[in-house]
Amino acid sequence: MDLLAVEGLRAGYKGLNVLWDVDLNVKKNTIVSVIGSNGSGKTTLLNAIMGFVEVNKGEIIFNGNKITHLKPQERVGLGIAYVPSERELFPEMTVEDNLMLGAYTPRARKHLRESLSQVYEFFPILSERRNQLAGTMSGGEQQMLAIGRALMSRPELLILDELSTGLAPAITLRIYRKLEGLSERMTVLLAEQNIHQAFMVSDYIYVMENGKIIASGSPDELSESSLIKSAYLGVKG
Ligand SMILES: Nc1ncnc2c1ncn2[C@@H]1O[C@H](COP(=O)(O)OP(=O)(O)OP(=O)(O)O)[C@@H](O)[C@H]1O
Ligand SMILES: [Mg+2]
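The structure presented is a predicted model; accordingly, all values stated were derived computationally and were not measured.

With that out of the way, let us pick up the overall build of the chain. Along the chain, the regular secondary structure elements total 11 helices and 10 strands. Each of the three principal axes of the chain carries a C-alpha extent, and together these read 50 × 40 × 35 Å. The buried share of the chain, reckoned over its 237 residues, is 52%. Counting only contacts in the chain whose residues sit at least 6 apart along the sequence, the fraction spanning at least 24 positions is 69%. In the structure as shown, the chain presents an accessible area of about 10900 Å², 51% of it carried by carbon and sulfur atoms. Counting 25 positive and 27 negative side-chain charges, the chain places the centres of these two groups 3 Å from one another.

Structure below.
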């Protein structure tokens, strides 16, 4: 069964649609990427799945239940966590306090200690720096902290927007390799402009253009497509 299904979604801002009839399916324990150029609608799609953007038509189904009109915090309660591209950490608070804030749902609060040690095991640097102010961490460390905070809500589905933003390619790759390990116990949906890394870690990829899905497939299938080769992989002919 699909953990997440987006069906015929139209959504946007102030009554104007950015997304046009978007269909997307995410199977349990897979990594799925949405790629596309600037302004193609990737963030809008993730925001709609999270409940930050109004849906004008279509449905969003999580674990078999319609969540289209639930509030964002209700979706978090059901097991969806979001790492926005801005990361939205509290720079004047410690690493550990930032992590604790991720466990604000009743379900997550019950497992707070256990989650904290899991996150520290997953990203040892966060454990070493637990008393450091979040704002003084490096870009890569802050991204790990943002992911760690999302993990504190014990999500079934982890959604990440442009995790490579502002990071050196080597750091981005290290974080992606970590996410691969996660897919044994959770499902990951991510948006990326940096498609080479998305191709490396994803089980399935959707390509967005002008608010529509224009292609989808496994990385192998897509890298055979001449459209994708010329538009995204920089390969001519
Ligand atoms: N808050 C907003 N109000 C009005 N229009 C918006 C808003 N946010 C985004 N848009 C518009 O929606 C369209 C899609 O933007 P979106 O941010 O979803 O694209 P994206 O694929 O995430 O781009 P990027 O790769 O640059 O992050 C753009 O035309 C953008 O101007
Ligand atoms: Mg975006």
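Attention shifts here to the sheet that holds strand 4 (residues 54-62). The strand order across the open sheet built from four strands is 2-1-4-5, with neighbouring strands paired in antiparallel fashion. If you trace the sheet from one side to the other, it starts and ends with strand 2 (16-27) and strand 5 (65-66), each paired once. For strand 4 and strand 5, the ladder comprises two bridges, and the chain directions are antiparallel. Looking across to strand 5, one finds that Phe62 is bridged to Asn65.

This brings us to helix 5 (residues 112-122). Leu112, Ser115, Leu116, Val119, Tyr120 and Phe122 are the residues of helix 5 that are buried. Across the axial projection of helix 5, the buried residues extend over an arc of 160°, all falling on one side. More than 90 degrees from the buried face of helix 5, the exposed residues found are Arg113 and Glu121. Taken together, the buried residues of helix 5 touch helix 3 (95-101), helix 4 (106-110), helix 6 (124-128), helix 7 (139-151) and helix 8 (169-182).

Glancing now at the site of ligand 1. All residues in the neighbourhood of ligand 1 are listed as Tyr13, Val18, Ser37, Asn38, Gly39, Ser40, Gly41, Lys42, Thr43, Thr44, Glu162 and Gln193. Interatomic distance of 2.7 Å between a side-chain N/O atom of Thr43 and an oxygen atom of ligand 1. Within the side chain of Thr44, one N or O atom sits 2.5 Å away from an oxygen atom of ligand 1. Here ligand 1 has 640 Å² of accessible area as a free molecule, and 57% of this is covered by the chains. For the shell around ligand 1, the element with the highest residue contribution is helix 1 (residues 42-50), accounting for three residues.

Here the focus is the nonpolar core. Counting residues in each nonpolar core, the largest one holds 37 residues, and the members touching the most others are Leu99, Leu126, Ile147, Leu151, Leu158, Leu160 and Leu179. When contributions to this core are tallied by element, the ones reaching two or more residues are strand 6 (80-83), helix 3, helix 5, helix 6, helix 7, strand 7 (157-161), helix 8 and strand 8 (187-192). When residues of this core are assigned to their parent elements, the largest contribution, six residues, is made by helix 7. In this structure, Leu151 is in contact with Val119, Phe122, Leu158, Leu182 and Met186, ignoring residues within four places of it in sequence.

Attention now goes to the packing of helix 7 against helix 8. Between helix 7 and helix 8, the shortest axis-to-axis distance is 10 Å and the interhelical angle comes to 20°. Considering their axes alone, helix 7 and helix 8 lie roughly parallel with respect to each other. Along this stretch, helix 7 crosses helix 8, giving a crossing that reads as right-handed. In contact with Gly140, Gln143, Met144, Ile147 and Leu151 of helix 7, helix 8 contributes Ile171, Arg174, Ile175 and Leu182. Classifying every residue of the contact of helix 7 with helix 8 gives six nonpolar, two polar and one charged.

Rules and cut-offs
Residues numbered from 1 in each chain as written. Chains lettered and ligands numbered in written order. Predicted model: local features only at pLDDT ≥ 70, side-chain atom pairs only at ≥ 80, totals over all residues. Heavy atoms only, no water. Helix = DSSP H or I, 4+ residues; strand = E, 2+ residues; numbered from the N terminus. Buried < 20%, exposed > 50% of the residue type's maximum accessible area, 1.4 Å probe, protein only. Contact = heavy atoms within 4.5 Å. Areas by Shrake-Rupley, 256 points an atom, 1.4 Å probe, with all protein chains shown as cover. Lys, Arg positive; Asp, Glu negative; His and termini not counted. Charge placed at Lys NZ, Arg CZ, Asp CG, Glu CD. Pairing = 2+ DSSP bridges. Arc of directions from axis to C-beta. Near = heavy atom within 4 Å. Polar contact = N/O pair within 3.5 Å; in protein donor to acceptor, adjacent residues only side chain to side chain. Core = buried A, V, L, I, M, F, W, Y, C linked by side-chain atoms within 4.5 Å. Axes fitted to C-alpha atoms, helices over the stretch in contact; angles between N-to-C directions. Parallel < 35°, antiparallel > 145°, perpendicular 65-115°, else oblique. Left-handed = near helix turned anticlockwise from the far one by under 90°. Nonpolar A, V, L, I, M, F, W, Y, C, P; charged D, E, K, R; others polar.

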